[in-house]
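Descriptive structure summary
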Amino acid sequence: MDVAIAGALAAVLASLITAAAAAYGSRGASRAAREGGVITGYDSLTKLLQTERDKAEADEKTAEAKVAALELEVARLRLLVTQLGGTP
């Protein structure tokens, strides 16, 4: 085997190893980017759900206050009907 052929084979072998390493590294980088995107999406979804939960809790408290006010008004009107001689 000639020195030139040995050098050419070494160059081809080195390029194959470099290509394989680049492909493996790219696959790892792609996976890391994908996992980072998943975590970012999870965080934004969690924040959105927490915001919606807080709004629902505030709406519930508002509705409970309205119900309490309406029950008080019904009790007042029943008393007024009774005072005026009617039966509620």
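These numbers come from a predicted model, not from an experiment. (Residues numbered from 1 in each chain as written. Predicted model: local features only at pLDDT ≥ 70, side-chain atom pairs only at ≥ 80, totals over all residues. Heavy atoms only, no water.)

1. Describing the pattern of salt bridges
Using the following cut-off: When a carboxyl oxygen of Asp or Glu is within 4 Å of a side-chain nitrogen of Lys or Arg, the pair counts as a salt bridge. Exposure is judged per residue with a 1.4 Å probe applied to protein chains only, and the accessible area is read against the type maximum: over 50% gives exposed, under 20% gives buried, and values in between give partly exposed.
Under the definition given, this model contains 3 salt bridges. The residue Arg53 makes a salt bridge to Asp54 at a minimum N-O spacing of 3.2 Å. Exposure remark for Arg53: the relative accessible area of 45% places this residue in the partly exposed category.

2. Topic: a nonpolar patch on the surface
Inclusion rule: A patch consists of residues exposed above 30% relative accessible area that lack any salt bridge, with like charges linked at up to 9 Å and nonpolar side chains (Val, Leu, Ile, Met, Phe, Trp, Tyr) linked at up to 5 Å. Residue-level accessible areas treat just the shown protein chains as cover; the underlying method is Shrake-Rupley with a 1.4 Å probe. Put simply, DSSP marks the helices as runs of H or I at least four residues long and the strands as runs of E at least two long, and each gets a number from the N terminus on.
Among the surface-exposed residues, Leu45, Leu48 and Leu49 lie close enough to one another that they form a single nonpolar patch of about 280 Å² accessible area. Secondary-structure assignment places Leu49 in helix α1 (residues 3-83). Residue Leu49 is classed as partly exposed on the basis of its relative accessible area, which comes to 48%.

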